[in-house]
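Descriptive analysis of the structure
Residue-level listing of the chains:
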Amino acid sequence: MYKIFDTTDEVSHYAAARLLGTIKAIPTAVLGLATGSTMVPVYAQLLRGLQQAAVDVSTVTTFNLDEYVGLSAGHAQSYHYYMYQHLFNELNIPAQNIHLPDGMASNLDEACQSYTDTIKIRGGLDFQLLGIGTNGHIGFNEPQTSFASRTHVVELTAQTRLDNSRFFADKHEMPTRAITLGILDILEAKEIVLVATGRNKADIMAELYHSEIDEALPASALKQHANLTIVLDREAASALPREAVEKKIASAPADFL
Ligand code: F6R
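Values in this document were obtained by computation on a predicted structure and should not be read as measured data. (Residues numbered from 1 in each chain as written. Predicted model: local features only at pLDDT ≥ 70, side-chain atom pairs only at ≥ 80, totals over all residues. Heavy atoms only, no water.)

1. So, the sheet that holds strand β4 (residues 66-68)
Sheet strands associate in pairs through backbone hydrogen bonding, adopting either a parallel or an antiparallel arrangement. Cut-off, in case you're wondering: For two strands to be treated as a pair, DSSP must find at least two bridges joining them. Numbering goes from the N terminus for both helices and strands, where a helix is a DSSP run of H or I of at least four residues and a strand is a run of E of at least two. Every axis in this analysis is a line fitted to C-alpha atoms, fitted for helices over the stretch in contact. Angles between the N-to-C directions lie between 0 and 180 degrees. Note on contacts: a residue pair is in contact if any heavy atoms of the two residues lie within 4.5 Å.
Strand order in the open sheet formed by 3 strands is β4-β8-β7, and the pairing between neighbours is antiparallel. Only two strands of the sheet have a single partner each, and these edge strands are β4 and β7 (152-155). In this sheet, adjacent strand axes meet at a mean angle of 25 degrees when their direction is disregarded. Sheet topology places β4 next to strand β8 (residues 177-180); 3 bridges connect them, and they run antiparallel. Opposite Glu 67, over in β8, you have Ile 179 as the bridge partner. Each of β7 and β8 touches helix α4 (residues 108-121); the most contacted strand, β7, lies at about 125 degrees to it.

Here it is as structure tokens:
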């Protein structure tokens, strides 16, 4: 299902409301979370919504999608650091319920296996929040990743390194590898919301709209999922066929309460 809103603010509000709805319905929810610039306003809205509705998150569990190999939790560009800055510092989710892949693990393969296993032990993901790379990656599953993949180490593509080096003052510090949840791990989530905003996502969203399910376009794996919502602003939807957009336009979401 597609939802298209006029503004990034409305998109973020909608995605936050979906997360909030899951937490309210399932106080022990297991949430799959993403990072990146798209999610900054989503988490800001989620914090606002949680506060307004006085929701307790002390029994929520989270698993992040990915982490750079070689960056410690304290590194300002690590996804660990990002999550605490944008979300976790403001919430009372117990530390033992917060999970991110360990990019500093001495045995990365073991760390990957244990990440997938821990999700299963915790009962699987109730909700997976996703962004999308300009090359169609989800998590850091780059084009040609097997749709049967589990958590694994990836060599980031030149496109992803170029896109994400904008966050690094010294471009040479941009890691070349990352750990990511696999595509099969993502597909096993009960509910998936993919968010894309801005004109730089228009081409990939049009490609995804027209694409078959094909490992060349990782996000196309999601087309097999029974509970997927793709949420776009007008700019990210600007290369979709006009009739498709008109049918999927949503009105601004109501406030959280
Ligand atoms: C981040 C992640 C990536 C990003 C994608 C878009 O945890 O999994 O797939 O969602 O690279 O990033 P932004 O939002 O920065 O355009």
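2. So, the site of the ligand
To keep things clear, this is the line we draw: Nearness here has a simple test: a residue counts as near a molecule or strand if at least one of its heavy atoms is within 4 Å of that partner. Any pair of nitrogen or oxygen atoms within 3.5 Å is treated as a polar contact; in protein, a donor-acceptor pairing is required on top of that, and neighbouring residues in sequence qualify only through side-chain atoms on both sides. Each accessible area is a Shrake-Rupley result for a 1.4 Å probe, and residues are judged covered by the shown protein chains and nothing else. Any residue that is not Ala, Val, Leu, Ile, Met, Phe, Trp, Tyr, Cys, Pro, Asp, Glu, Lys or Arg is counted as polar, Gly included; the first ten are nonpolar and the last four charged.
In the vicinity of the ligand there are 14 residues, among which Thr 38, Asp 66, His 137, Gly 139 and Lys 201 approach most closely. Between His 137 and the ligand, the recorded distance is 2.7 Å, taken from a side-chain N or O atom to an oxygen atom. Contact distances for the ligand include 3.1 Å between an oxygen atom and a side-chain N or O atom of Arg 166. Calculation on the ligand without its partners gives an accessible area of 410 Å², and the protein chains cover 95% of this total. Considering only residue class, the shell around the ligand consists of 3 nonpolar, 8 polar and 3 charged.

3. Details of helix α3 (residues 79-86)
To keep it simple, the criterion reads: For the exposure calls, accessible area comes from a 1.4 Å probe over protein chains only, and a residue counts as buried if that area is under 20% of its type's maximum, exposed if over 50%, partly exposed in between. Directions are taken from the helix axis to each C-beta atom, and the arc is the one they span.
Tyr 79, Tyr 82 and Met 83 are the residues of α3 that are buried. On an axial view of α3, the arc spanned by its buried residues comes to 95 degrees, and they lie on one face.

4. Quick look at the packing of helix α2 (residues 39-52) against α3
For the pair α2 and α3, interaxial distance at closest approach is 10 Å and the crossing angle is 35 degrees. For the pair α2 and α3, the contacting residues are Met 39, Val 40, Tyr 43 and Leu 47 in the first and Tyr 82, Met 83 and His 86 in the second. Residue composition of the contact of α2 with α3, by class: 6 nonpolar, 1 polar and no charged.

5. A look at the sheet that holds strand β10 (residues 228-233)
Judged by pairing direction, the sheet is parallel, and its 7 strands sit side by side in the order β1-β10-β9-β6-β2-β3-β5 without closing on themselves. Only two strands of the sheet have a single partner each, and these edge strands are β1 (2-5) and β5 (98-99). Sheet analysis places strand β3 (residues 61-64) next to β5, joined by 2 bridges and oriented parallel. Pairing of Thr 62 across the sheet is with Ile 98, part of β5.

6. Looking at the side chain of Gln 45
Looking at where Gln 45 falls in the secondary structure, it is placed in helix α2. Classification of Gln 45 as buried rests on a relative accessible area of 8%. Reaching out from Gln 45, the side chain makes a polar contact with the side chain of Asp 9 at a distance of 3.3 Å.

7. A look at the side chain of Thr 22
If you trace the backbone, Thr 22 turns up in helix α1 (residues 8-25). Residue classification places Thr 22 among the buried positions, given a relative accessible area of 6%. Sequence-distant contacts of Thr 22, that is, excluding residues within four places in its chain, are made with Ala 29, Leu 31, Asp 126, Phe 127 and Glu 191.

8. Things to note about the packing of aromatic side chains
Counted only if it meets this: Ring pairs shown here join Phe, Tyr and Trp side chains whose ring centres sit within 6.5 Å, with only the six-membered ring taken for Trp; geometry is labelled stacked below 30 degrees between planes, edge-to-face above 60, and tilted in between.
In this structure the tally under the stated criterion is 9 aromatic pairs. Ring plane angle 40 degrees and centroid distance 5.7 Å describe the contact between Tyr 68 and Phe 140, whose orientation is recorded as tilted. Note that Tyr 68 is positioned in strand β4 and Phe 140 in the loop between β6 (127-130) and β7, a separation of 72 residues in sequence. In this pair, the class of Tyr 68 matches that of Phe 140, namely buried. Aromatic side chains Tyr 84 and Phe 88 sit 5.2 Å apart centroid to centroid with 75 degrees between the ring planes, which places their arrangement in the edge-to-face category. On the accessibility criterion, Tyr 84 (24% relative accessible area) is partly exposed.

Fair warning: the whole summary comes from geometry, so function is off the table for now.
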